[in-house]
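Analysis of the macromolecular model
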Amino acid sequence: MSSLLSRYATPLTTGLFLVSLISGIALFFHVGTTAFREMHEWLSMVLILPFLLHIWKNWRPFLSYFKRLPMSLSLALCLVAGLVFAWPAITGSASGAGGNPAFAMINVVAAGTPGQVAPLLGTSEAEVVTALKDGGFTAAEATKPLSEIASASGKDTMALMATLSAMGNKP
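Here goes a summary of the coordinates provided. (Residues numbered from 1 in each chain as written. Predicted model: local features only at pLDDT ≥ 70, side-chain atom pairs only at ≥ 80, totals over all residues. Heavy atoms only, no water.)

A few points about the packing of helix H2 (residues 33-46) against helix H3 (residues 48-57)
Close contact between H2 and H3 brings their axes to 4 Å; oriented N to C, the two are set at 30°. As summarised for this structure, H2 and H3 are arranged roughly parallel, according to the angle between their axes. Along the contact surface, H2 presents Ser44, Met45 and Val46, while H3 presents Ile48, Leu49 and Pro50. (Axes fitted to C-alpha atoms, helices over the stretch in contact; angles between N-to-C directions. Helix = DSSP H or I, 4+ residues; strand = E, 2+ residues; numbered from the N terminus. Parallel < 35°, antiparallel > 145°, perpendicular 65-115°, else oblique. Contact = heavy atoms within 4.5 Å.)

A closer look at the packing of aromatic side chains
Applying the stated criterion across every chain yields a total of 3 aromatic pairs. Both rings, one in Phe28 and one in Phe29, keep their centres 5.0 Å apart while their planes meet at 90°; by these two values the pair is edge-to-face. Both residues of the pair, Phe28 and Phe29, count as exposed. Taking the centre distance of 5.3 Å and the plane angle of 80° together, the rings of Phe62 and Phe66 count as edge-to-face. Among the aromatic side chains, those forming a connected cluster through ring pairs are Trp59, Phe62 and Phe66. Over the ring of Tyr65 we find Arg68; its NZ or CZ atom is 5.4 Å from the centre of that ring. (Phe/Tyr/Trp six-rings, centres within 6.5 Å; stacked < 30°, edge-to-face > 60°. Buried < 20%, exposed > 50% of the residue type's maximum accessible area, 1.4 Å probe, protein only. Lys NZ or Arg CZ within 6 Å of the ring centre and 35° of its normal.)

What follows is the structure, given as structure tokens:
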């Protein structure tokens, strides 16, 4: 196993880190989002294994970092930086600004009733309710918000949005 670790841990960690770095920068600047998002997410997950192999291979030198102040300071700084970004979502104090606008719009639409959403789809309230029931949303009613219809039907809001989207794509 030592030979495998020596041969592949560091090169794979380096290669996957570079992929994550480049795709992360592209995502940050909103360049090629469609091309980079899935690549970034999946290959960053794959990066975990070679990272762990790299740590395993270099365990003794790695432990020596914990005997000095820079490692503690760096870890504390990274924790604080992460909490600064996550705190609004953790505490529920996020104003909604800065998130993905598509998801924000999904929440706006999901708060509406079939009657409120029907004009967006160029159809009637009754047709929306029928399409939802046909799509397995058994709790579909004209007076219920879409998010309640989804949860009462044992499905998620995204599945409901997919049903509505298919309905809106019909000629």
